[in-house]
Amino acid sequence: MTRDMFRSMDWSVKGKTVFITGAARGIGAESARRLAARGANVALAGLEPEELERVAAQCGTNAAWFECDVTDWSALEQAVEGAVERFGGIDVVMANAGISPAGMTRSIDPKAFERTLEVNLLGVWRTVRACLPHVIERQGYVLVIASLAAALHSPGMASYAASKAGAEAFANSLRSEVKHLGVDVGVGYFGFIDTDLVRGGDSHPAVGHLRKKTPGPVKRTYPVSAVGKAVADGIEGRRRSVVVPGWIRPLLVLRTVLAPLIERGSFERAAEADRALQADIEERGVEAVSAPVGPGGEAARERQTA
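Residues numbered from 1 in each chain as written. Predicted model: local features only at pLDDT ≥ 70, side-chain atom pairs only at ≥ 80, totals over all residues. Heavy atoms only, no water.

Enquirer: I tried to follow the overall build of the chain on my own but got confused; where do I start?
Expert: What the chain contains, in helices and strands, is 11 helices and 9 strands. Each of the 306 residues in the chain was classed as buried or not, and the buried ones make up 52%. Within the chain, counting contacts between residues at least 6 apart in sequence, those at least 24 apart form 73% of the total. Here the chain has roughly 13800 Å² of accessible surface; of this, 54% comes from carbon and sulfur atoms. (Helix = DSSP H or I, 4+ residues; strand = E, 2+ residues; numbered from the N terminus. Buried < 20%, exposed > 50% of the residue type's maximum accessible area, 1.4 Å probe, protein only. Contact = heavy atoms within 4.5 Å. Areas by Shrake-Rupley, 256 points an atom, 1.4 Å probe, with all protein chains shown as cover.)

What follows is the structure, encoded as structure tokens:
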């Protein structure tokens with residue numbers, strides 16, 4: 001049995017340190033709670049200090065939090081240094097921070113589109129790069145949170161889909177680069193999860209109702225607890241992919257074949273969304289319509305403005 005096989009079979013998170021971005025809410029917060037319950041040290045990074053403090057308290061004594069914007073190299077490096085100082089190192093990095101605006105490419109506020117790429121793609125790169133020396137030192141694990149949107153590219157989500165597909169591609173390249181150093185890399189693929197971000201999207205006045213018209217299981221909302229468990233299991237198993245719900249796994253294999261069929265079914269919904277967004281822009285203005293959804297998106301917008 002090789003050393004790699006042994007490590008993957010006997011790799012508990014107990015006593016290990018996990019650095020998580022976007023940890024104030026949703027998937028990041030639930031994953032932190034699950035990992036802490038299994039004995040991990042959790043370093044929580046995000047934009048909302050009160051929420052981070054609340055989640056850290058729920059995680060117990062082996063938790064620390066750091067206010068951190070993943071678009072800010074200095075703040076991110078300080079958070080990583082703080083985690084290393086507190087816990088002695090980093091075994092796992094979970095690059096989870098993300099935002100999602102609403103809008104069609106022809107009418108979305110350009111600043112909102114580019115901010116999404118800045119957070120969801122460049123933020124992943126910066127997070128991984130800042131943590132990687134420590135993860136390599138401990139022959140640990142990198143988990144990049146992408147999305148079902150990395151494989152299914154829906155209308156009105158061009159910036160989000162592009163950023164998540166880019167994050168997936170980044171992780172896949174990284175996997176080959178660091179395998180010989182004893183580091184494994186996984187990608188998280190999740191559907192619509194019951195988080196503030198998804199609820200914020202559903203409440204968007206122009207396009208929030210359109211998900212209900214999506215055919216099949218794609219439109220269903222899944223509990224965040226399922227993702228938290230899958231993440232904890234995935235980290236302990238050092239898995240190549242972490243998937244919720246399970247039907248996403250065969251879809252990832254068949255994505256190229258299914259893409260034309262999925263596109264054909266979206267044309268009518270896209271036209272409806274485009275008309276609704278144009279009307280909403282006329283009423284509220286492009287910046288308000290294109291703003292990142294949910295409380296986390298609001299925090300990101302306030303930080304950008306500041």
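Now that the structure has been shown, we can carry on.
Enquirer: Hey, could you run me through the pairing of strand β4 (residues 92-95) in this one?
Expert: Walk down a regular strand and you will see the side chains alternate between the two sheet faces. Of the two faces of β4, the one holding Val92 and Met94 and the one holding Val93 and Ala95 are both buried throughout. Direction of pairing for strand β1 (residues 17-21) relative to β4: parallel, over a ladder of 3 bridges. By the bridge assignment, isoleucine 20 is partnered in β4 with methionine 94. Looking at chain direction, β4 and strand β5 (residues 141-145) are connected through 4 bridges and run parallel. Among the inter-strand pairings, methionine 94 is bridged to a residue of β5, identified as leucine 143. A crossover links β4 with its parallel partner β5, the connecting element being helix α5 (residues 110-137), and its sense is right-handed. (Pairing = 2+ DSSP bridges. Right-handed = clockwise from strand over helix to strand, strands pointing away.)

Enquirer: In this structure, what is going on with the sheet that holds β4? I would like to understand it.
Expert: Taken in spatial order, the 7 strands line up as β3-β2-β1-β4-β5-β6-β9 in an open sheet, and their pairing is parallel. Edge positions in the open sheet fall to β3 (63-67) and β9 (241-244), since each of these has one partner strand only. Averaged over all pairs of adjacent strands, the angle between their axes in this sheet comes to 15°, without regard to strand direction. In this structure, β5 lies alongside strand β6 (residues 184-190), joined through 5 bridges in parallel fashion. (Axes fitted to C-alpha atoms, helices over the stretch in contact; angles between N-to-C directions.)

Enquirer: Can you walk me through empty space enclosed by the protein in this structure?
Expert: To find leftover empty space, a probe the size of one water molecule is rolled over the atoms. Summed over the entire model, instances satisfying the criterion amount to 1 cavity of 30 Å³ or more. Computed from the structure, the largest cavity encloses a volume of approximately 30 Å³. Residue lining of the largest cavity: Thr21, Val70, Ala95, Asn96, Ala97, Val119, Gly123, Val124 and Thr127, and that is the complete set. Counting residues per element, the lining of the largest cavity draws most heavily on α5, at 4 residues. Counted by class, the lining of the largest cavity contains 5 nonpolar, 4 polar and no charged residues. (1 Å grid on protein atoms, 1.4 Å probe; cavity = no way out; pocket = protein on both sides within 12 Å on 5 of 7 lines; lining within 4 Å. Points joined across faces, edges and corners; volume = space filled by probe spheres on them. Nonpolar A, V, L, I, M, F, W, Y, C, P; charged D, E, K, R; others polar.)

Enquirer: Quick question: what am I supposed to make of the packing of aromatic side chains here?
Expert: By convention here, two paired aromatic rings are described through the distance between centres and the angle between planes. If you walk through the whole model with that rule in mind, you get 1 aromatic pair. Measuring from centroid to centroid gives 6.0 Å for tryptophan 73 and tryptophan 125, while their planes differ by 85°, and the two rings are edge-to-face. Taken as a pair, tryptophan 73 in helix α4 (residues 73-87) and tryptophan 125 in helix α5 lie far apart in primary sequence, 52 residues in all. Judged by its relative accessible area of 33%, tryptophan 125 is partly exposed. Sitting over the face of the ring of tryptophan 11, lysine 16 holds its NZ or CZ atom 4.9 Å from the ring centroid. (Phe/Tyr/Trp six-rings, centres within 6.5 Å; stacked < 30°, edge-to-face > 60°. Lys NZ or Arg CZ within 6 Å of the ring centre and 35° of its normal.)

Enquirer: Honestly, the nonpolar core in this entry has me stumped. Any pointers?
Expert: Across soluble globular proteins, you tend to see nonpolar side chains buried next to one another. Counting residues in each nonpolar core, the largest one holds 40 residues, and the members touching the most others are Phe19, Val128 and Val142. Looking at which element gives the most residues to this core, the answer is α5, with 6 residues. In this structure phenylalanine 19 touches Ala43, Ala45, Leu76, Ala79, Val80, Ala83, Ile90, Val92, Val93, Met94, Thr127 and Cys131, once residues within four positions along its chain are discounted. Counting 35 residues, the second-largest nonpolar core is a separate cluster that includes Val18, Ala32, Val55 and Ile193. (Core = buried A, V, L, I, M, F, W, Y, C linked by side-chain atoms within 4.5 Å.)

Enquirer: I tried to follow the packing of α5 against helix α6 (residues 158-178) on my own but got confused; where do I start?
Expert: Angle between the axes and distance between the axes: these two values describe a pair of packed helices. One way to put it is that α5 packs onto α6 with a least axis distance of 8 Å and a crossing angle of 20°. Between α5 and α6, the angle falls in the class roughly parallel. When the axes of α5 and α6 are compared, the crossing they make is right-handed. Contacts between α5 and α6 involve Phe113, Thr116, Leu117, Asn120, Leu121, Val124, Trp125, Val128 and Leu132 from the first element and Ala158, Ser159, Tyr160, Ala162, Ser163, Lys164, Gly166, Ala167, Phe170, Leu174 and Val178 from the second. Considered class by class, the residues forming the contact of α5 with α6 number 14 nonpolar, 5 polar and 1 charged. (Parallel < 35°, antiparallel > 145°, perpendicular 65-115°, else oblique. Left-handed = near helix turned anticlockwise from the far one by under 90°.)

Enquirer: Looking at this structure, I do not really get the environment of alanine 24. What am I missing?
Expert: Take alanine 24: it is sitting in the loop between β1 and α2 (26-37). Distance from alanine 24 to leucine 52, taken between C-alpha atoms, is 4.6 Å for residues 28 residues apart in sequence. If sequence neighbours within four positions are ignored, alanine 24 has contacts with Ala29, Glu48, Glu51, Leu52, Arg54 and Val55.

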